[in-house]
Amino acid sequence: MATSHPVVLAPVDTLLRHELEPWARLVEQRLEAGNRVVTLFGRLDRSGGVLTTAVVERAEGELEVLRGQAAPQASFASLTPRFPAVQMFERELWEQTGIVPDGHPWLKPVRYEGARQQHMRDHPFFSVRGQEIHEVGVGPIHASVIEPGHFRFMCHGEQVHHLEVQLGYQHRGVEALLLTRPARALAPLVEVIAGDSSVAYGWGYSAAIDALAGTTAGSAADVVAGIALELERVAMHLATLAGLMADVAFLQGGATYGRLRTAIINRTMRICGSRFGRGWLRPGGPRFGLTDHLRNDLKATLAAFSRDMAEVNDLVVSSRTVRARLRGVGVLTRQVALDLGLVGVAARASGVAVDTRVAQPGALYSGRPVVALTEPDGDCWARARLRMREVDESVRWIASVLDEPDLHRPGTNRRVRGAVAPLQPDTVCVSVREGVRGPVVQVLETGGDGRLVHYKVQDPSLVNWFGLALAVRNNDISDFPICNKSFDLSYCGNDL
Amino acid sequence: MFKSIKVRTSQGRQYIADPRRAEPVGFRAAPHVSSTPCEAGCDACVEVCPTQAIALCQGADAVRIDLGRCVMCGDCIAECPTGTLSASSVFKLAAAERQGLMVGTARPVPEPLQVSAALHQRFGRSLKLRSVSSGGCNACELEMHALSNVNFDIGRYGIDFVASPRHADGLVLTGPMTRNMASALQLCWDAMPAPKFVIAVGACAISGGPFDGSEALERGFLEQFAPTLYVPGCPPHPLTFVCGVLDLLGIES
């Protein structure tokens, strides 16, 4: 069996261009066969038409690119009524290209970009009528130090019937900006698309550019990048756990997870200069390798960290108040997670074993496998427990590769200019990396001159936000903060 | 109970005793500009800089860096053939004026902040901050959040982040300021009682940073309400923020 890779190159002339409706039917067939749609989007063609693209994960883990073409404002029969997993993709396709998915049950802009900026009130919120039904609006600015977004609850007393998540406040025009700068020098911008996932984004982008330039960074470079990614995962899981403990007023847990996060991100800083792993990964390979000194430093840190982590996990897990507050709250069943096509922690905590590192292992994870951990219950407790276990698994993985040879090879502050050759023209490149929230998908397309004509960014949060909306149904409105934190999704990753 | 004591014992003391004297090992700040002359005709640093933070000029102040734009990626250091630009971990980089963030051959780091007598009198014992992220990528936000953790613990200086703008003295602004957040930001500011001031945190808030030039930004707010403190970085190290505020307000550490 061929190894499935997280980076796929598809020369444009090898892609059949289907008309819009047949293209939609092809996607539908894949969904009927149980395949997962990794992303689906469109772009305006130079001739004024629209090119649509769907990336499908076949059963064997291989990624297939399906391309369609359409006239402006054309429409197709929406797939959402049968397959809710594509609902956000269809909304985004409509917002970005004007192509209409006929029969979409809630066709509303995802982020109010372009001419729709500042017009968030022009589209109605979903409303529920009935005696004693009332609405509660929260945000965009929240009580804590977090990103902005608006949440509208339809409640009966304290009970939430429905939550509508209204995002877009963070929209910075990332996709347009990416096309205005040289394709091989985008790393600093890519790293701030969702700045808590700088490594996942930076690595995914760098791997795409390497593939388009016909180079490979090499095995040691891949291992170093893999270490960077797991350090990022550990740090962000700890940030979530700290927040969750603060939300249930278990302060010792919050304080301890917070301080453990400091230890991890300071170690990342020792290696690459940034607590967020910025500037670490670039096209051509990492800018910073692991010298023996850094390697030993990391080993010692992780050993001490594991002891502390086990101790605080034990304290938290055995605390009756924490269990009572998190168990049975914000339940998302396995079936709902599957129907919505959820990814990452949100899916795995509902028993769906999806993980790019397992499905598209490539050379790196084939020989150094990661275990896709799951929890069966789909509640806040499951998401918290899963994060604890994933931290352990990441630490185990890092420890298992730290003794590999040549990890120092990338050097220290390697030059990045001219590190890779010009990009292959007229090619679509799909690059996926399993970030802390799930697959970070980046699809780059070059034109005839090797410059980028399109850069599609898809954060795992785009599909997962709806999972949060369904998880809070029939919960008390006061359960929302812990539900939200247990998912810990990205606002700017959604808003781009 | 025993588990709690066990964790407490293992964790011990974690706070940074004096933030002004902390040493963030490995932190990559903005590059240090030395007096070593550049190679004739070389503009590699300007070429490679992702945010146009570097300018080359004639005369004594040959290389100038705008810390308000610099994302501290270090790409320029790797490109510099003469070593004119070198790595630095200086984190005391905050300034009270936008112009104060301009460093170069003549002045490699910003001037130390002068204590504001007015701010010291009003907020020296208690400063309540309201955070607004306007397009922030969650890195500045996480670092602002970290200020309250057990390591940086700004609460000991009477500085806190509060939930309501009604309770706030200072607005901590992160992110490049999106058009979609413009009205919410203005509402928040209007809800804060005077006297009040703005702290701009991170390259994005100060200059638009990597997003400068995007159609989706609306930065008019800052033209009306100039920040009282600029905290550069991408994201700034929490120590840059702590020391900036402590120095400006004349708070002892």
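Residues numbered from 1 in each chain as written. Chains lettered and ligands numbered in written order. Predicted model: local features only at pLDDT ≥ 70, side-chain atom pairs only at ≥ 80, totals over all residues.

## A few points about the overall build of chain B
Inference 1: Across its full length, chain B holds nine helices and 10 strands.
Inference 2: Rg of the C-alpha trace for chain B: 19 Å, near the compact-globule value of 18 Å for 253 residues, within the 12% margin.
Inference 3: When the backbone C-alpha atoms are referred to their principal axes, chain B occupies close to 65 × 45 × 35 Å.
Inference 4: Counting all 253 residues of chain B, 51% fall into the buried class.
Inference 5: Considering only contacts within chain B whose residues lie at least 6 apart along the sequence, 82% involve residues at least 24 apart. (Helix = DSSP H or I, 4+ residues; strand = E, 2+ residues; numbered from the N terminus. Rg over C-alpha atoms; globule rule 2.2 N^0.38 Å. Buried ≥ 20, exposed ≤ 12 C-beta atoms within 10 Å, placed from the backbone. Contact = placed C-beta atoms within 7 Å.)

## Side note on the overall build of chain A
Inference 1: In terms of helices and strands, chain A carries 17 helices and 15 strands.
Inference 2: In terms of overall size, chain A behaves like a compact globule, its C-alpha atoms giving a radius of gyration of 22 Å where 496 residues would be expected to give roughly 23 Å.
Inference 3: For chain A, the C-alpha atoms occupy an extent of roughly 60 × 60 × 40 Å along the three principal directions.
Inference 4: The proportion of buried residues among the 496 residues of chain A is 56%.
Inference 5: The contacts of chain A with a sequence gap of at least 6 include a subset with a gap of at least 24, amounting to 69%.

## Re the domain arrangement of chain A
Residue and element names in this part refer to chain A.
Inference 1: Domain boundaries in chain A define domain 1 (1-109) and domain 2 (187-457).
Inference 2: Using C-alpha coordinates to define each centre, domain 1 is positioned 27 Å away from domain 2.
Inference 3: Contacts between domain 1 and domain 2 engage 26 residues on the former and 25 residues on the latter.
Inference 4: Going through the elements one at a time, strand S1 (7-11), strand S3 (36-44), strand S4 (50-57) and strand S5 (63-70) are the ones with two or more residues in the side of domain 1 that touches domain 2.
Inference 5: Broken down by element, the residue count for the side of domain 1 that touches domain 2 peaks at six residues, all from S3.
Inference 6: Tallied by class, residues from the side of domain 1 that touches domain 2 come to 16 nonpolar, six polar and four charged. (Domains from an automatic or database assignment. Nonpolar A, V, L, I, M, F, W, Y, C, P; charged D, E, K, R; others polar.)

## Digging into the interface of chain B and chain A
Inference 1: Of the residues lining the interface, 52 residues belong to chain B; the matching set on chain A comes to 54 residues.
Inference 2: Only helix H1 (2-11), helix H3 (75-79), strand S6 (127-133), helix H5 (139-146) and helix H6 (182-191) of chain B provide two or more residues apiece to the side of chain B that touches chain A.
Inference 3: Tallying contributions element by element places H1(B) first for the side of chain B that touches chain A, with six residues.
Inference 4: Partitioned by chemical class, the residues of the side of chain B that touches chain A number 27 nonpolar, 17 polar and eight charged.

## Here's the deal with the sheet that holds strand S3 (residues 63-66) of chain B
All names here are of chain B.
Inference 1: Taking strand neighbours across the sheet as the criterion, the three strands line up as S2-S3-S5 in an open arrangement whose pairing is antiparallel. Both outer strands of the open sheet, strand S2 (54-56) and strand S5 (102-104), are each paired with one neighbouring strand and no more. Going across the sheet, the axis of each strand differs from the next one's by a mean of 25 degrees, ignoring polarity.
Inference 2: Bridge analysis of S3 against S5 gives three bridges, and the strand direction is antiparallel. The residue bridging Arg64 from the neighbouring strand is Gly104, located in S5. (Pairing = 2+ DSSP bridges. Axes fitted to C-alpha atoms, helices over the stretch in contact; angles between N-to-C directions.)

## Looking at helix H6 (residues 219-247) of chain A
Residues and elements named next belong to chain A.
Inference 1: In this model, H6 (29 residues) spans 42 Å end to end at C-alpha, consistent with the 42 Å of a helix rising 1.5 Å per residue.
Inference 2: Taken across its 29 residues, H6 has 27 buried, putting it largely inside the fold.
Inference 3: Positioned one or two residues after H6, Ala249 has a phi angle of 60 degrees, which is positive. (Expected span 1.5 Å × (residues − 1).)

## Here we look at the packing of helix H8 (residues 292-317) of chain A against H1(B)
Inference 1: Across the interface, H8(A) lies against H1(B) with an axial gap of 9 Å and an inter-helix angle of 150 degrees. Comparing their axes, H1(B) and H8(A) come out roughly antiparallel. As for how H8(A) packs across H1(B), the hand of that crossing is left-handed. In contact with A:Asp308, A:Glu311, A:Val312, A:Asp314 and A:Leu315 of H8(A), H1(B) contributes B:Lys3, B:Ser4, B:Lys6, B:Val7 and B:Ser10.
Inference 2: Classifying every residue of the contact of H8(A) with H1(B) by side-chain character gives three nonpolar, two polar and five charged. (Parallel < 35°, antiparallel > 145°, perpendicular 65-115°, else oblique. Left-handed = near helix turned anticlockwise from the far one by under 90°.)

## Description of the sheet that holds S4(A)
Residues and elements named next belong to chain A.
Inference 1: Here four strands make up an open sheet; going across it, the order is S2-S5-S4-S3 and the pairing mixed. The open sheet has two edge strands, strand S2 (17-19) and S3, and neither has a second partner. When the angles between neighbouring strand axes are averaged without regard to direction, this sheet yields 30 degrees.
Inference 2: Pairing between S4 and S5: eight bridges, direction antiparallel. Counterpart to Leu51 in the pairing with S5 is Gln69.
Inference 3: With respect to the sheet, helix H2 (residues 87-97) is in contact with S3 and S4, its orientation differing from that of S3 by roughly 10 degrees.

## Quick notes on the confidence of the model for chain B
Inference 1: With 100% of its residues at a pLDDT of 70 or more, chain B has an overall mean of 94.
Inference 2: What the predictor reports for the complex is a pTM of 0.96 with an ipTM of 0.95. (pLDDT = per-residue confidence, 0-100.)

## As for the pairing of S5(A)
Residues and elements named next belong to chain A.
Inference 1: Inspection of the sheet shows S2 paired to S5 by three bridges, in the parallel sense. Across the sheet, the residue bridging to Arg17 is Arg67, located in S5.
Inference 2: Hairpin connection between S4 and S5: a loop of five residues separates the two successive antiparallel strands, and Gly61 in this loop has a positive phi of roughly 90 degrees.

## Topic: unusual backbone geometry
Inference 1: The residue after A:Gly139, namely A:Pro140, is reached through a cis peptide bond having omega 20 degrees.
Inference 2: Mapped onto the secondary structure, A:Pro140 falls in the loop between strand S8 (133-138) and strand S9 (150-156).
Inference 3: Here the amide bond leading from B:Cys234 into B:Pro235 is cis, since omega sits at -10 degrees, within 30 degrees of zero.
Inference 4: Examined against the element boundaries, B:Pro235 turns out to sit in the loop between strand S10 (229-231) and helix H9 (238-249).
Inference 5: Unlike most non-glycine residues, A:Tyr112 shows phi in positive territory, near 55 degrees.
Inference 6: Tracing the backbone through its elements, the reader meets A:Tyr112 in the loop between strand S7 (100-102) and S8.
Inference 7: According to the C-beta neighbour criterion, A:Tyr112 is buried, with 25 such atoms within 10 Å.

## Observations concerning the confidence of the model for chain A
Inference 1: The pLDDT averaged across chain A works out to 94; a share of 99% of its residues lies at or above 70.
Inference 2: When pLDDT is averaged over each element of chain A, strand S14 (residues 438-446) of chain A comes out on top at 98 and S8(A) at the bottom at 90.

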